[in-house]
Amino acid sequence: MASGEAAPAEAPPRVPSPAPAAAAAAAAVVAPAAPSKYSSRVVLRTVLERSDGGLGLVGEKLVVGGWVKSSREEKKEAPAAPAPAPPVQDKVFGAEHKDVSCVELFQTRIPIFRSIMKIFGGGGHPTRQRIEAAGAKPMPVPSPLPPPPPPSVAFLQISDGSCVATLLVEVDSSLASPSLLLPTGTCLLVEGTLKKPETQGKHTVELKAENILHIGMVDQDSYILSKKRLPLDALRNSLQFRPRTTTVASVMRIRNALTFATHLFFHDNGFLNVQVPIITSTDDEGSSQKFHLVVLPGLTDSKRDQTVVKGSDGVSVEAIKAAAREKSKLVEELKRTDSNREALVAALQDLKKTDGLASQLEAQEKLKRGTPMNAEEMKFFEDFFPNKTYLTASGRLHLESYACALGQVYSFGPRFQADRSESHKEAAEMWMVEVEIAFSELEDVMKCAENFLKFSCKWIMDNCAEDFQFVAKRIDKACIDRLQSILSKPSVKITYREAVGALKKATDNKEMKIEEGGALTAAHLSYLADEIHKSPVIVYNYPKEVKPFYVRQNDDGETVAAFDMVLPKVGRLLTGSQSEERIDLLSKRMKDRGVPQEQYEWYMDLRRHGTVKHSGFSVGFDLMVLFATGLTDVRDVIPFPRSFGKADC
């Protein structure tokens, strides 16, 4: 018996064993809701995504936790007044009256007692008369206490992020004030019993709260999710809270399923996972939009970091020095007035930072001109690494090293590109799935890429059904059909020349104009998938001028063994190639492209010692999530997106 599960009061009667399938279904209905392994609470998904919607758990006591998505309060009806009692005979005075209390009876007899006292006491109240004669003020009558709030019941829809559905929780005001519970975003940990709702609605079961274990209150004035239906672009300014929205939570669960599917596919097909370096001295793709790594000691202040980035992009040393002179004047003025000590301290710190930046830029210019620097300048500007280093844009070259020893390898991690454009399909940090297979050629790796895509689509459809129902309702009605089309249709495979020919026929669209030998832009590729073929398209055998130096040259001497996979709506999702294993041809390509061979001696060694044909591909993982969910901006499917000017949390 599971820990914490109550023993039954008596053994149930024996029944014949059902068939295996029926037994499994029955077990799914009657199995108790078990708490999380690492928490006392029951995960809502285990209750709400049961085949019976949780009805089989009615009567069970649970502990659940989550955040309030919506709420309402209902006042309880006032208790009915008791029926009046029949009149009784007053034995003292002989009058019939209603059943009254002793106090009420005494108050009704006060005038009689007063008359008696006047006869025997001389009339009046001497003590009271003396007080009034002295002009003393009577004691103030205390104001009545405000009536207690009427009893009520709070109905809260809470979510713990495990599923789309919410659990309705009923909390009596005797347990906690509704003003604490009702605000959107309030965190609750509640113990109670599951029951059927009294009125028919969207909830199959609800929880009758019996004990409130925790309340995490929110400030509605500053909590962004207090507003209803915020657009996704507004949520990007509050990355810490946007996972609490149903949309972002669904996207993250789909992303999680795609992550699991990625590892599962390669594990089941005999691949080994290899972590490639994030810091690298190679430029795999030949891109100039790289993040260069430079050690600048002492730069710990965030504002100074931002100034350095801006200064290194074109601000002259003279401009920085002019700014330093202005700041120096401000410091001198503050010293003379001596009116604001805090402002003087801040100005001195600012001046010190500006002087430091000017020194750095001056040293940087000396390095560019080859001007010798003194020992202090060299120490200040000394790099951590002896050669130029970057944040990696691709790990394909490093994976080749392990593929040539382990056979089949893949990597899954972040890749970086210093792109300042406002593209909806690119960010400074994006995750990539990269694959390398030894003893394989272009056809082999194209087949692997297509199988990986189909496997991933089927996995998320089978394991994220509830989330896709929500996505189809709120984001993109065609998302499920688009995924099913990947499973039902093979990709259209065309050569680069065939693609150019098809685009040339699109004479009504000037943007689709292209000349033989030119690169296919994102617009060209999307047009092929969205308008011409209306299905996934694989374009292969590109001109050697438009692909990286390491791609294998075909026998025609003009094209290389490279391919792109393009999907409707999202565009180019995947790119791959067969690598050049012939050292003489590789050396020639590097020389023709101006690639410094001395930086790639380790890579050339793979051709010198035990060379082998090998191929691989790279998948834009974030673009896969974009394709699956139907969203249009990649920043909405990345947990913490990094783009030009945006890295706030």
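To be clear, the structure that these remarks concern was listed above.
Remember, it's a predicted structure, so these values are computed and weren't measured experimentally. (Residues numbered from 1 in each chain as written. Predicted model: local features only at pLDDT ≥ 70, side-chain atom pairs only at ≥ 80, totals over all residues. Heavy atoms only, no water.)

### Quick look at the overall build of the protein chain
Stage number 1. What the protein chain contains, in helices and strands, is 21 helices and 17 strands.
Stage number 2. Here the protein chain holds 649 residues, and 39% of them are scored as buried.
Stage number 3. Carbon and sulfur atoms make up 56% of the accessible area of the protein chain, which totals about 37700 Å². (Helix = DSSP H or I, 4+ residues; strand = E, 2+ residues; numbered from the N terminus. Buried < 20%, exposed > 50% of the residue type's maximum accessible area, 1.4 Å probe, protein only. Areas by Shrake-Rupley, 256 points an atom, 1.4 Å probe, with all protein chains shown as cover.)

### A look at the packing of aromatic side chains
Stage number 1. A full pass over the atoms with the stated rule returns 15 aromatic pairs.
Stage number 2. Ring centres 5.2 Å apart and planes at 80° place the aromatic pair Tyr-223 and Phe-241 in the edge-to-face group. Of this pair, Tyr-223 sits in the loop between strand E7 (206-216) and helix H7 (232-235) while Phe-241 sits in the loop between H7 and helix H8 (246-268); the two residues are 18 residues apart in sequence, bridging distant segments of the chain.
Stage number 3. Ring pairs connect the aromatic residues Phe-260, Phe-265, Phe-266, Phe-271, Tyr-410, Phe-452, Phe-455 and Trp-459, which therefore count as one cluster.
Stage number 4. Here Lys-290 stacks its cationic end above the ring of Tyr-390, 4.9 Å away from the centre of that ring. (Phe/Tyr/Trp six-rings, centres within 6.5 Å; stacked < 30°, edge-to-face > 60°. Lys NZ or Arg CZ within 6 Å of the ring centre and 35° of its normal.)

### Observations concerning helix H17 (residues 496-504)
Stage number 1. Inspection of H17 places Tyr-496, Ala-499, Val-500 and Leu-503 among the buried residues, and these make up the whole buried set. Looking straight down H17, one finds its buried side chains confined to an arc of 100°; they lie on one side.
Stage number 2. Taken together, the buried residues of H17 touch strand E13 (492-495), helix H18 (522-532) and strand E14 (537-543). (Arc of directions from axis to C-beta. Contact = heavy atoms within 4.5 Å.)

### Things to note about a positive patch on the surface
Stage number 1. Together, Lys-202, Arg-229, Lys-473 and Arg-474 make up a region of like positive charge exposed at the surface.
Stage number 2. With respect to the secondary-structure elements, Lys-202 resides in the loop between strand E6 (187-195) and E7. (Patch = residues over 30% accessible without salt bridge, like charges linked within 9 Å, V, L, I, M, F, W, Y side chains within 5 Å. Salt bridge = Lys/Arg side-chain N within 4 Å of Asp/Glu carboxyl O. Lys, Arg positive; Asp, Glu negative; His and termini not counted. Charge placed at Lys NZ, Arg CZ, Asp CG, Glu CD.)

### Focus on the pairing of strand E15 (residues 559-567)
Stage number 1. Burial runs high along E15: nine of the nine residues are buried.
Stage number 2. Here six bridges tie E14 to E15, and the two strands are oriented antiparallel to one another. In the sheet register, Ile-538 faces E15, and the bridge partner there is Met-565.
Stage number 3. Bridge analysis of E15 against strand E16 (residues 571-578) gives six bridges, and the strand direction is antiparallel. Note on E16: the bridge partner recorded for Leu-567 is Gly-571.
Stage number 4. In sequence, E15 turns back onto E16 through a hairpin of three residues, with Lys-569 there showing a positive phi of about 80°. (Pairing = 2+ DSSP bridges.)

### Topic: the sheet that holds E7
Stage number 1. Within the closed barrel, the five strands sit side by side as E1-E4-E5-E7-E6. Their pairing is mixed. Within the sheet, the average angular offset between the axes of one strand and its neighbour, ignoring direction, is 55°.
Stage number 2. In the sheet, strand E1 (residues 61-75) pairs with E6 via seven bridges, with the strands oriented antiparallel. Bridge pairing in E6 links Gly-65 to Leu-189. (Axes fitted to C-alpha atoms, helices over the stretch in contact; angles between N-to-C directions.)

### Description of the sheet that holds strand E8 (residues 272-273)
Hydrogen bonding along the main chain pairs the strands of a sheet, whether they run parallel or antiparallel.
Stage number 1. Strand order in the open sheet made by the eight strands is E8-E11-E12-E17-E16-E15-E14-E13, with mixed pairing throughout. Strands at the two margins of the open sheet, each flanked by one partner only, are E8 and E13.
Stage number 2. Relative to strand E11 (residues 408-416), E8 runs parallel, the two being bridged by two bridges. Residue pairing for E11: Asn-273 is matched across the bridge by Tyr-410.
Stage number 3. Most of the contacts of H8 go to E11, to which it runs at about 150°, and overall it touches E8, E11, strand E12 (429-438) and strand E17 (614-620).

### Some words on unusual backbone geometry
Stage number 1. Its identity is not glycine, yet Asn-541 carries a phi of approximately 60°, on the positive side.
Stage number 2. Of note, Asn-541 is situated in strand E14.
Stage number 3. For Asn-541, a relative accessible area of 24% translates into the label partly exposed.

### Focus: the nonpolar core
Stage number 1. The biggest cluster of nonpolar side chains holds 52 residues, and the ones touching the most others in it are Phe-266, Phe-563 and Phe-617.
Stage number 2. Formed by 30 residues, the second largest nonpolar core is a distinct cluster that contains Ile-494, Ile-514, Phe-549 and Met-590. (Core = buried A, V, L, I, M, F, W, Y, C linked by side-chain atoms within 4.5 Å.)

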